[in-house]
Amino acid sequence: MTFSKILIANRGEIACRVIRTAQRLGLQSVAVFSDADRDSLHVRMADEAIHIGPAAALQSYLRKDKIIDAAKQTNAQAIHPGYGFLSENFEFCTMCKENNLIFIGPPPNAIRDMGIKNLSKIIMHDANVPVIFGYHGDDQSDATLINEAKKIGYPIMIKAVRGGGGKGMRIALNENEFMDKLNAAKSESLKSFNDDSVLLEKFIQRPRHVEVQVFGDMHQNYVYLFERDCSVQRRHQKIIEEAPAPGLDWSVRKKLGEAAVKAARAVNYVGAGTVEFIMDENHNFYFMEMNTRLQVEHPITEMITGTDLVEWQIKVAQGEPLPLKQDAIKLNGHAFEARIYAEEPENDFMPGSGRLTYLRTPPTGEDGKIRVETGVVEGDEVSVHYDPMIAKLVAWSTNRASALQKLRNALQQYYIGGLKTNIPFLMSLSDNKQFQLGNVHTDFIKENKDALFHLQQITPTIAVGAATAFINSQQRTYGSIGAATSFFAVSNSSFRPNFLQKQSLTLTYDKKDYKFEIERVNSSNLLITYDNKTYSVEIRSVNDELVLLIDGHQFRCRMHIDNDTCTFYSNVSRSSFDFKLRPPSFLAQLAASGMGGAADSSVSSVNPVAPMPGIIDKVLVQDGTQVKQGQPLLIMTAMKMEHVIKASKDGTIGKINVTPGKVVKKGEVLLTYAVAVGDDKN
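Fair warning: this is a prediction, and the values are worked out from it, not measured in the lab.

> Would you mind going over the sheet that holds strand β1 (residues 5-8) with me for this structure?
Strand pairs in the sheet, formed through backbone hydrogen bonds, run parallel or antiparallel to each other. Read across the open sheet, the 5 strands follow the order β3-β2-β1-β4-β5; overall the sheet is parallel. Where the open sheet ends on each side, the last strands, each with one partner, are β3 (48-53) and β5 (102-103). In the sheet, β1 pairs with strand β2 (residues 28-34) via 4 bridges, with the strands oriented parallel. Each residue of the ladder has a partner; that of L7, found in β2, is V30. Running over the sheet, helix α3 (residues 64-74) touches β1, β2, β3 and β4 (78-80) and is turned about 150° from β3.

> When you look at the pairing of strand β26 (residues 512-522) in this model, what are you seeing that I'm missing?
In summary, the side chains of a regular strand alternate between the two faces of the sheet. Here strand β25 (residues 502-509) pairs with β26 via 8 bridges, running antiparallel. Counted as the bridge partner of T508 is D513 from β26. Between the end of β25 and the start of β26, which pair antiparallel, lie 2 residues, with D510 showing a positive phi angle near 50°. Where β26 meets strand β27 (residues 525-530), 6 bridges bridge the pair, whose relative direction is antiparallel. Its bridge partner being in β27, I518 is matched across the sheet by I528.

> I tried to follow the packing of helix α5 (residues 108-115) against helix α6 (residues 117-126) on my own but got confused; where do I start?
How two helices sit against one another is set out by the angle between their axes and by the gap between those axes. It is the contact of α5 with α6, at a shortest axis distance of 5 Å, that shows an interaxial angle of 100°. Considered as vectors, α5 and α6 are oriented roughly perpendicular to each other. On the side of α5, the interface is formed by D113, M114 and G115, while α6 contributes K117, L119, S120, I123 and M124. Considering only residue class, the contact of α5 with α6 consists of 4 nonpolar, 2 polar and 2 charged.

> What exactly am I supposed to notice about the packing of aromatic side chains here?
When we look at a pair of aromatic rings, we describe it by the centre distance and by the angle of the planes. Considering all chains together, one arrives at 21 aromatic pairs under this definition. Their ring planes at 20° and their centres at 5.1 Å tell us that Y61 and F85 sit as a pair that is stacked. You can see Y61 sitting in the loop between β3 and α3 and its partner F85 sitting in the loop between β4 and α4 (90-98), a full 24 residues away along the chain. Aromatic side chains F215 and W312 sit 5.2 Å apart centroid to centroid with 70° between the ring planes, which places their arrangement in the edge-to-face category. In this pair, F215 is assigned in strand β9 (residues 208-216) and W312 in helix α11 (residues 309-317), connecting sequence segments 97 residues apart. Across this residue pair, the class does not change: F215 and W312 are buried. A network of ring pairs unites the aromatic residues Y509, Y514, F516, Y530, F577 and F579 as a single cluster. Geometry around Y341 places R234 over its ring, the cationic atom sitting 4.3 Å from the centre. The residue whose ring lies beneath R400 is F435, and the NZ or CZ to ring-centre distance is 5.4 Å.

> Explain the sheet that holds β27 to me, please; I cannot follow it from the model alone.
Read around the closed barrel, the 8 strands follow the order β25-β26-β27-β28-β29-β30-β31-β32; overall the barrel is antiparallel. Across this sheet, the average inter-strand angle for adjacent strands is 35°, counted without regard to direction. The pairing of β25 with strand β32 (residues 575-581) spans 2 bridges and is classified as antiparallel. By the bridge assignment for β32, T508 is matched with K580.

> I keep staring at unusual backbone geometry and nothing clicks. Help me out?
Glycine aside, a negative phi is what most residues show, and trans is what most peptide bonds show. Omega for the peptide link from Y154 to P155 comes to 5°, which places this bond in the cis form. If you trace the backbone, P155 turns up in the loop between α7 (142-152) and β6 (156-164). The residue after A243, namely P244, is reached through a cis peptide bond having omega -5°. With respect to the helices, strands and loops of the structure, P244 is situated in the loop between β13 (240-243) and α9 (250-266). Its identity as a non-glycine residue notwithstanding, F349 has a phi of 60°, on the positive side. Note that F349 resides in the loop between β17 (343-344) and β18 (350-351). Among the residues examined, F349 registers a relative accessible area of 5% and is labelled buried.

> What should I look at first to understand the side chain of T305 in this one?
Relative to the helices and strands, T305 resides in helix α10 (residues 298-305). Reaching out from T305, the side chain makes a polar contact with the backbone oxygen of T301 at a distance of 2.6 Å. A polar atom in the side chain of T305 sits 2.8 Å from the side chain of T307. Those residues within four positions of T305 in sequence are excluded, and the remaining contacts are L225, F226, I329 and K330.

> How should I be thinking about the nonpolar core in this particular structure?
Within soluble globular proteins, side chains that are nonpolar generally end up buried alongside one another. With 69 residues, the main nonpolar core has F3, I6, F215, L256, F277 and F287 as its most contacted residues. With 7 residues, α9 is the largest single contributor of residues to this core. Ignoring any residue separated from it by four or fewer positions in sequence, one finds F287 in contact with M114, S120, K121, M124, V129, P130, V131, V275, E276 and F277.

> What is the right way to look at the environment of V376 in this model?
Relative to the helices and strands, V376 resides in the loop between β21 (370-374) and β22 (381-382). The exposure class of V376 is buried, given its relative accessible area of 16%. Residues within four places of V376 in sequence aside, it is in contact with L41, L356, L359 and I390.

> Explain the side chain of K5 here, please?
Within the secondary structure, K5 is located in strand β1. Residue K5 is classed as buried on the basis of its relative accessible area, which comes to 10%. For K5, the side chain forms a polar contact with the side chain of E48, separated by 2.6 Å. Contact partners of K5, with chain neighbours within four places excluded, come to Q28, V30, E48, T74, N75, A76, Q77 and A78.

> Please clarify how the confidence of the model for the protein chain should be interpreted in this entry.
For residues with low pLDDT, the predicted coordinates do not support detailed interpretation. Of the residues in the protein chain, 91% have a pLDDT of 70 or more, and the chain-wide mean is 88. Contacts from residues 480-500, a stretch scored under 50 in pLDDT, to residues over four places away or in other chains number 41 contacts.

Parameters at a glance
Residues numbered from 1 in each chain as written. Predicted model: local features only at pLDDT ≥ 70, side-chain atom pairs only at ≥ 80, totals over all residues. Heavy atoms only, no water. Pairing = 2+ DSSP bridges. Helix = DSSP H or I, 4+ residues; strand = E, 2+ residues; numbered from the N terminus. Contact = heavy atoms within 4.5 Å. Axes fitted to C-alpha atoms, helices over the stretch in contact; angles between N-to-C directions. Parallel < 35°, antiparallel > 145°, perpendicular 65-115°, else oblique. Nonpolar A, V, L, I, M, F, W, Y, C, P; charged D, E, K, R; others polar. Phe/Tyr/Trp six-rings, centres within 6.5 Å; stacked < 30°, edge-to-face > 60°. Buried < 20%, exposed > 50% of the residue type's maximum accessible area, 1.4 Å probe, protein only. Lys NZ or Arg CZ within 6 Å of the ring centre and 35° of its normal. Polar contact = N/O pair within 3.5 Å; in protein donor to acceptor, adjacent residues only side chain to side chain. Core = buried A, V, L, I, M, F, W, Y, C linked by side-chain atoms within 4.5 Å. pLDDT = per-residue confidence, 0-100.

The structure is reproduced here in structure tokens:
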């Protein structure tokens, strides 16, 4: 069963991750790519790459036939599915076997049995794995589901039968919102899994999400590699994970591992799998589901066990026994993984997209205690067609507190420009006292919202530093050819006679203007007046990173400018700030008068706009439709999630600007009202 060439049926960081291990093992790798990924990192890393279709996943990465054809075309003998896409697709796994291709994963029956949620619960119950029962029946009529929800009792968890990754999942707190949540779950499930069947379960309040990494081989050997805590989530999707789970004693840890092995053994599992449990405040745990693939968060398990799980997958797929027996697997230290997303946490974690115009990752060192798992480089595009994850930042140390400190320090050195990310939120999370104490649960973000989303304060040092960095960046960018790199540069370069000795600058942050008067003293010294005080500034180093001395306080900082947004990073603030550059007064006057590209004044501010980049899925109204406040108007999909755009007030639809399938930008006007909302007298 040995093979020498692997096709990776995936993209992004997981494709890069598999390719690295394949190369280390002396195996050739084949990548597949869509139109959107033609120049992606995973394509450049692989030995060969095959184009499989348009950007939309349904026409490329989810095309089973094209993946099989690509493997045959390149004489690959095995396919690694990664995670997502076809990784848990029973039909695809079966097709691989029918075409004499080794599927690096579990057998088809295990995928099928664990992929159907109600069947998996029955199998687990029979295997003496703790289970929470609900309604897992075939009758999917609204009347039956409503009746069963009443029997179980609210709050109710609605889950897609074939679901995973938070898709097709909703929580109904009461009967009044049950149908809305049910319809949303069914619609999302149908798009993601081509099946809108759901199951109902009692929702446990303040639960923890604890999962166990298991492995099986073809010789009936099974092991567990300890647990991970993935409780801190948004939209039922993980944002930060850690291993082992905090606060568990060894007796609970052992019970979790043994229950997970029972689950794997019950379906004759082969390869890497994750058994997910829901845990209450008394550390009682119950089976939720089994993910029959490698998880996004597998690196933290590797960090605490000293293993390469992709290597284990490859060896097991070749018929080898597991590399280690249970008693040889030791838990060492603690590890965190933070998922770096293009999203806006302050805007309900709306996903984003765009070009990575600036990207600097934290140093990883040679000891392997910091890992950056990514599939992008500076200049790459985060596409609306795929998940908005940019990277996974992994940190290990001997204990939880020091591992968290390493993660926090690495986050502070992760610089991204061109789009908004969740890095400031992750830093706020790692600074949170309750998180530091390990008091985690799935409602953690909601319960700690005020503490996690507080606005960073602009100190005088930060304000003056940002002004200095901006002026320096502008001069380095627009300085004349042949002249000094910047009149601020640390050198003895002569003065430029055509440069004004004083400048005024206004930067805006959180709707507040910060005004500065800047005067040059010499080539490396400035006097900056801010808030009626003058600060002495010395620029001590000018590279990708600035070193500033402000009134005797030295610190390092960076500035990235993207159009009118100036992102300032510093080791003083332990955060980043997106300043807006205030245009000169004459430009502002032009914009106000309707010149200079000002927005069409006929477009009302209440007209529905796209809250994030995405794709129009459905248009639920037409020109002339009378709508009421809260009425659904359109449905968008972004990063595999469904978002309903609703009317903010009563009104009459004037013009629909979009059609199903159209890709829209954030802020794009989706439709306009014939009569201004609120002024409709009809």
